[in-house]
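Residue-level structure breakdown
So the chains spell out like this:
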Amino acid sequence: MSSFGSASPALRLTDAAARVADRLGTGDLVVAGLDDDDLLGLLADATEARKALELIVATGSAEVARRSARDLGYGGLAQKRGHRTGTGLVQQITGLARGDVTRAVQAGEDLAPVVSVVSVERGAEATDAAIPALPAVSQWLQLLREALSSGRITQAQFHAIRAGLGEPPVDRYPDLDPQFLPAAWARAVHLLLDEADTLTVEDLRNQARVARDRLDPVGVTLRFEERFAARSFRTWADGSGQRHARIVFDDDAAAWIDAMLQAALRPRRGPRFVGADAVEKSKAVKADDRTNEQLQYDTMMAVLRTGANADPTQAFGDRQPGVRIVVEASAIVAADERGSMQVTGVGHLEDGGQAVPAGVVEKYLCDAGAIPILWDADGRPLDVGRELRLFSRTQRLAIGTRDGGCIWPSCSAPISQCEFHHIDHWWEHHGRTDVDDGVPLCRNCHLRLHNQGWRITRHRDEETGIDTYWLHPPPDPQTGEFGEPTRLRSKSPRRFTAA
Ligand SMILES: [Zn+2]
Ligand SMILES: [Zn+2]
């Protein structure tokens, strides 16, 4: 009795193996005599057999692991055979590398073997309860399992979808019907299974993540913040004295650096040059004998040097490399009593579709502007509007000179590291903008402001006409009340000028 689809792995294995035997005959393994169709057919049949076989190995490995659980002590299967863990025992039998066994065990566990009652020969205290119970199966996972066990997808594709989607975070949305997210997960699985044939495994995993992020916008922010907190840069010298570095990127910086490196590598990868100087350019690319890694290194160093040598009074905000984010206009609202723009939904990187949390979309909208695109009901773009750009180059210069650096109270980042935050109403006013409504914030302070819901307001003294800027902490999650604002002070040397 099996819970698998109509064609069980064992049946598929024997069928495919029989076809392979038909094609090869009984002699030596000689493929040179096969015609093209037979050769490709042989590969397809052998692959089909291997997929079924891998599935059987995975399910068996998981069962060995289950019968060798730590709790079982010396009574465990592996332990009785002189191994410390189930993985060790499976490794010895299969000759697979440790990582392969671990993956096989995971795949097997995901498949949740049908046999659940196992008698264990051990001491008098032995009970079946000591063997970890098999978890209940949700519909979306069942769909995936059936696709794997019927041979529709490979183990690698199964893992890509499984890992990319993760579990539906039902606890994160207490107001939703508890069936809502699992049902959405099942729909996503259907779609991904349909697309699995046409995508590479990496793309499939990406698309599964895109689906998850689309269905779990709160998680997008949590994951972003987790990865932001994990950002790091470390250098060390090896035995010979050569320095190495290891970088862990946050999502925002990763998108930026990808765009930059893509641009550097494009002449090698992208379409061949056309036009008058095409031959010269192609020659130049061919003459460049650097490896891609050397080219990426040189590009990064050049950017770092330029940054280090930058004029500290010139902001980089007006020459950001092209990271484009797609967000639905309905997700952008001119909300709250202060009239500030707020993004309520998740955006997506134009390249790769990775989800971008609302706060980061806000940050980009705020500093870099937007191009509105109108769609019809059938998803055809109707019209591309005027670019809504916030501050011109000269306006940025003016703001930079006025404030002298990141305006956040405890931050000392110079203007050269600043973006420009627009304090209110800009979305409503279609990007029309005034230097009085802009303040410089370094990237980290700007991200923090939008991600955590801080606000900056301007107050104009009616009598003197002098503007002051105030930083308001996010509203208290319990009461919804705003805390005491802090006065923001210019860091420009001009502030010392005698009035
Ligand atoms: Zn901003
Ligand atoms: Zn700052």
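Residues numbered from 1 in each chain as written. Chains lettered and ligands numbered in written order. Predicted model: local features only at pLDDT ≥ 70, side-chain atom pairs only at ≥ 80, totals over all residues. Heavy atoms only, no water.

1. What about the packing of helix α2 (residues 36-67) against helix α4 (residues 86-94)?
Going by this rule: Lines fitted to C-alpha atoms define the axes here, with helix axes fitted over just the stretch in contact, and angles between the N-to-C directions of these axes take values from 0 to 180 degrees. For helices the rule is a DSSP run of H or I covering at least 4 residues; for strands it is a run of E covering at least 2, with both sets numbered from the N terminus onward. Comment on the angle field: the value is read as roughly parallel under 35 degrees, roughly antiparallel over 145, roughly perpendicular from 65 to 115, and oblique elsewhere. Handedness of each helix crossing follows the sense of rotation of the near helix against the far helix: counterclockwise by less than a right angle gives left-handed, clockwise gives right-handed. Residues count as neighbours in contact if any of their non-hydrogen atoms are within 4.5 Å of one another. We call Asp, Glu, Lys and Arg charged. Ala, Val, Leu, Ile, Met, Phe, Trp, Tyr, Cys and Pro are nonpolar, and the rest, Gly among them, are polar.
The geometry of α2 relative to α4 is characterised by a closest axis approach of 8 Å and an angle of 140° between their N-to-C directions. The orientation of α2 relative to α4 falls into the category oblique. Between α2 and α4 lies a crossing of right-handed hand. For the pair α2 and α4, contact is made by V57, S61, V64 and A65 and by G86, L89, V90 and T94, respectively. For the contact of α2 with α4, the residue count by class is 5 nonpolar, 3 polar and no charged.

2. Side note on the coordination of the zinc ion (ligand 2)
Quick reminder of the rule: Donor atoms are limited to N, O and S found within 2.8 Å of the metal ion, a distance that becomes 3.2 Å for Na, K and Ca. With water left out, some sites might look partial. Working rule for geometry: tetrahedral if four donors all subtend angles between 85 and 135 degrees; square planar for four, octahedral for six, if opposite donors exceed 155 degrees and the others stay between 65 and 115; irregular in every other situation.
The coordination sphere of the zinc ion (ligand 2), as far as protein atoms go, consists of C406 (SG), C411 (SG), C442 (SG) and C445 (SG), spread over 2.2 to 2.4 Å. Here the zinc ion (ligand 2) binds 4 donor atoms, and the angle range of 102 to 119° at the metal identifies the geometry as tetrahedral.

3. What about the sheet that holds strand β14 (residues 486-488)?
Going by this rule: A pair of strands is considered paired only if DSSP assigns at least 2 bridges between the two.
Pairing within the open sheet is antiparallel, and its 3 strands lie in the order β12-β13-β14. Because the sheet does not close on itself, it has two edges, and the strands there are β12 (455-460) and β14. Strand after strand, the sheet turns through a mean of 35° between neighbouring axes, direction not considered. Note that β12 and strand β13 (residues 467-472) share 6 bridges and pair antiparallel. Across the sheet, residue R458 finds its bridge partner in β13, namely Y469.

4. Here's the deal with the packing of aromatic side chains
Put simply, the test is: Stacked, tilted and edge-to-face pairs are distinguished by plane angle, under 30 degrees for stacked and over 60 for edge-to-face with tilted covering the rest, among Phe, Tyr and Trp rings (Trp via its six-membered ring) whose centres lie within 6.5 Å. Throughout this description, buried means an accessible area under 20% of the type-specific maximum (1.4 Å probe, protein chains only), exposed means over 50%, and partly exposed covers the range between. Any Lys NZ or Arg CZ that is within 6 Å of a ring centre and within 35 degrees of that ring's normal is treated as a charge sitting over the ring.
Scanning all chains against the criterion turns up 2 aromatic pairs. Consider the rings of F224 and F228, whose centres lie 6.1 Å apart with planes at 15°: the pair is stacked. Taken as a pair, F224 and F228 lie in helix α10 (residues 217-229) at a separation of 4 residues, close to a single helical turn. Judged on exposure class, the residue F224 and its partner F228 are both buried. Ring centres 5.1 Å apart and planes at 65° place the aromatic pair W408 and W454 in the edge-to-face group. Separated by 46 residues along the polypeptide, W408 in the loop between α15 (393-403) and β10 (418-422) and W454 in the loop between α16 (443-452) and β12 bring together distant segments of the chain. Judged by its relative accessible area of 19%, W454 falls in the buried class. Positioned above the aromatic ring of F228, the side-chain terminus of R231 is 4.2 Å from the ring centre. We note R448 situated over the ring of W408; from NZ or CZ to the ring centre the distance is 4.7 Å.

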